[in-house]
Amino acid sequence: MKNCFFKKAGLCAIAAMSVTGAFADEHQHYTPAPENIESRKEFQDDKFGIFLHWGIYSMTAQGEWYMNVRNIHWKEYEKLASGFYPSRFDAREWVSAIKASGAKYICITSRHHDGFSMFDTKYSDFDIVDASPFGRDVLKELADECQKQGIKLHFYYSHLDWRREDYPLGRTGHGTGRDTSKADWNSYYQFMNNQLTELLTNYGPIRGIWFDGLWDKDQQPDFDWQLPEQYALIHKLQPGCMIGNNHHLTPFEGEDFQMFERDLPGQNTAGLSGQDISALPLETCETMNGMWGYKIEDQNYKSSETIIRYIVKAAGRNANLLLNMGPQPNGELPAMGVERLREVGEWLAKYGTTIYGTREGEVAPHAWGVSTQKGDKLYVHVLDLKDNSLFLPLRSKVKSAVKFDDRRAMKFTQTADGVLLQMGEVPSGVDYIVELTLK
């Protein structure tokens, strides 16, 4: 993920980056395979996933950007691997806890910016099997358990590397001691493609690759990342695998979903999501507390009410919520995070009908809330209203209105301009839902 420390420095440059060359090939046109179209639909139906930032940086307990922020020499940083022994890692417990939250998919870091691979790769010894005493392929165990429990799996993969000397220096990683004279893009590009081939060959069906780090070259707008060829490789290996890229721009040719970091589509409070909204499936990622990777003093977990409302607001904007947790160095998910998963799962078990499989409703988001829709059912999610009635600018004819909770019939008046709901009470609770049946 992109550290907020570097947010402002490159936004102007990346916003001006030309979507040509590596970003779009005028002589090619990407046509998604039928399997990919199905993945997109399934992804949109899921609405809720869990993001896991886990690596040897968890041992520092200072987040995933520690190597860069503290300018740790790569030869010192890699010593962390020799002490990494997450003895309490249990893929079954992880997947069970995440499934209980109502989440339908997991996205986990396969290799973050520090360059440590959390899987058994033939193309580097700096991985969890070869460099750590743990010696187990945690991604393989997680992939197998996801298949057993019916949870879809996505892999995060970094386009940059603060350790490898063949990665050409970008805007970050200047203090990690690399010999920049050894930069060799062709070598690094081949390394990435070799690893992506492993991930899409040895770990079963992977529904998504979540790229990050393109912004590292935002001060070199002519740099050619050779994305079309890389994207083509992924789609050749697994046609149903969706590609998303956290470049904070409108999607490029070959990408299958659009992501927004720390903001809902159309918002830009964090300064990372000013891009146009595309017609692709949408996903917004947000942390459960403050950091992406584990940080020991960061206990500022969002309440279950805040998380639930974020899921609802995302669904009302046709987007998924990818909610992040940073697993601990011992291999456990943080207890507070697991508690939040349980609480969210209890809510979704009761109200998931109004979220799963829906699309943004006919009534656009307002200050009071949002709407979701599935077939002839329009769900009005009232999150903040001080009145006992609500006007909806709805052109469709309404057959009936009920409070979703107790199926109590609700009075309404329909005019040419819309529908006035007479709720008979001031809405309260996490999410006051009215179910409209349309004619």
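What comes next is a walk through the structure.

Cut-offs applied
- Residues numbered from 1 in each chain as written.
- Predicted model: local features only at pLDDT ≥ 70, side-chain atom pairs only at ≥ 80, totals over all residues.
- Heavy atoms only, no water.
- Pairing = 2+ DSSP bridges.
- Helix = DSSP H or I, 4+ residues; strand = E, 2+ residues; numbered from the N terminus.
- Axes fitted to C-alpha atoms, helices over the stretch in contact; angles between N-to-C directions.
- Buried < 20%, exposed > 50% of the residue type's maximum accessible area, 1.4 Å probe, protein only.
- Polar contact = N/O pair within 3.5 Å; in protein donor to acceptor, adjacent residues only side chain to side chain.
- Expected span 1.5 Å × (residues − 1).
- Parallel < 35°, antiparallel > 145°, perpendicular 65-115°, else oblique.
- Left-handed = near helix turned anticlockwise from the far one by under 90°.
- Contact = heavy atoms within 4.5 Å.
- Nonpolar A, V, L, I, M, F, W, Y, C, P; charged D, E, K, R; others polar.
- Phe/Tyr/Trp six-rings, centres within 6.5 Å; stacked < 30°, edge-to-face > 60°.
- Lys NZ or Arg CZ within 6 Å of the ring centre and 35° of its normal.

**Focus: the sheet that holds strand β15 (residues 419-422)**
- The strand order across the open sheet formed by 3 strands is β12-β15-β14, and the pairing between neighbours is antiparallel. Each edge of the sheet is formed by a strand with only one pairing partner; in this case those strands are β12 (389-392) and β14 (411-414). Ignoring which end each strand starts from, the neighbouring axes of this sheet average 15° apart.
- Across 4 bridges, the pairing between β14 and β15 is antiparallel. Each residue of the ladder has a partner; that of Phe412, found in β15, is Leu421.

**Section: the environment of Asp144**
- Looking at where Asp144 falls in the secondary structure, it is placed in helix α6 (residues 138-149).
- On the basis of relative accessibility, which here comes to 33%, the residue Asp144 falls in the partly exposed class.
- Between the C-alpha atoms of Asp144 and His113, which are 31 residues apart in sequence, the distance is 25 Å.

**Quick look at the environment of Thr121**
- Mapped onto the elements of the fold, Thr121 is located in the loop between β2 (105-111) and α6.
- Along the backbone, Thr121 and Asp137 are 16 residues apart, and their C-alpha atoms lie at a distance of 9.4 Å.
- Within the local environment of Thr121, its side chain forms a polar contact with the side chain of Gln195, the two groups lying 3.3 Å apart.

**A few points about helix α9 (residues 304-315)**
- Here α9 is 12 residues long and its end C-alpha atoms lie 17 Å apart, about the 16 Å a rise of 1.5 Å per residue gives.
- Among the 12 residues in α9, 9 count as buried, and that is most of the element.
- If you check which residues of α9 are buried, you get Ser304, Ile307, Ile308, Arg309, Tyr310, Ile311, Val312, Ala314 and Ala315.

**Considering the pairing of strand β16 (residues 432-438)**
- Counting buried positions along β16 gives 7 out of 7 residues, so the element sits mostly inside the fold.
- Residue alternation in β16 divides its side chains into two sets, Tyr432, Val434, Leu436 and Leu438 and Ile433, Glu435 and Thr437, and both sets are buried.
- Inspection of the sheet shows strand β11 (residues 377-382) paired to β16 by 6 bridges, in the antiparallel sense. Residue pairing across strands places Leu378 opposite Leu436, the latter belonging to β16.
- In this structure, strand β13 (residues 398-403) lies alongside β16, joined through 5 bridges in antiparallel fashion. The residue bridging Ala401 from the neighbouring strand is Leu436, located in β16.

**A closer look at helix α2 (residues 34-46)**
- Helix length check: α2, at 13 residues, gives a terminal C-alpha distance of 18 Å against a target of 18 Å (1.5 Å per residue), a fit within 8%.
- What α2 keeps buried is the set Asn36, Ser39, Arg40, Phe43, Gln44, Asp45 and Asp46.
- Directly after α2, the chain includes Lys47, whose backbone phi takes a positive value near 70°.

**Quick word on the packing of helix α7 (residues 185-199) against helix α8 (residues 227-237)**
- Taken N-terminus to C-terminus, the directions of α7 and α8 make an angle of 15°; their axes are 10 Å apart at the nearest point. Put simply, α7 runs roughly parallel to α8. Every pair of crossing elements has a handedness; the one defined by α7 and α8 is right-handed. Contacts between α7 and α8 involve Tyr189, Met192, Asn193, Leu196 and Thr197 from the first element and Glu229, Gln230, Leu233, Ile234 and Leu237 from the second.
- Class assignment of the residues belonging to the contact of α7 with α8 gives a composition of 6 nonpolar, 3 polar and 1 charged.

**What about the packing of aromatic side chains?**
- Evaluation of the coordinates by the stated rule reveals 30 aromatic pairs.
- Both rings, one in Trp185 and one in Tyr188, keep their centres 6.0 Å apart while their planes meet at 50°; by these two values the pair is tilted. Remark: Tyr188 and Trp185 occur in helix α7; sequence separation between them is 3 residues, near one turn of the helix. The pair formed by Trp185 and Tyr188 is uniform in burial state, with each residue classed as buried.
- Ring centres of Tyr351 and Phe404 lie 6.0 Å apart, and the angle between their planes is 45°; this geometry places the pair in the tilted category. Separated by 53 residues along the polypeptide, Tyr351 in helix α10 (residues 335-351) and Phe404 in the loop between β13 and β14 bring together distant segments of the chain. As far as the burial class goes, Tyr351 and Phe404 line up, both buried.
- Taken together, the aromatic side chains of Tyr167, Trp185, Tyr188, Tyr189, Phe191, Phe223 and Trp225 make up a single cluster linked through ring pairs.
- Above the ring of Tyr167, the side-chain terminus of Lys217 is found at 5.1 Å from the ring centroid.
- The ring of Phe223 has Lys217 sitting right over it, with the charged end atom 4.6 Å from the ring centre.

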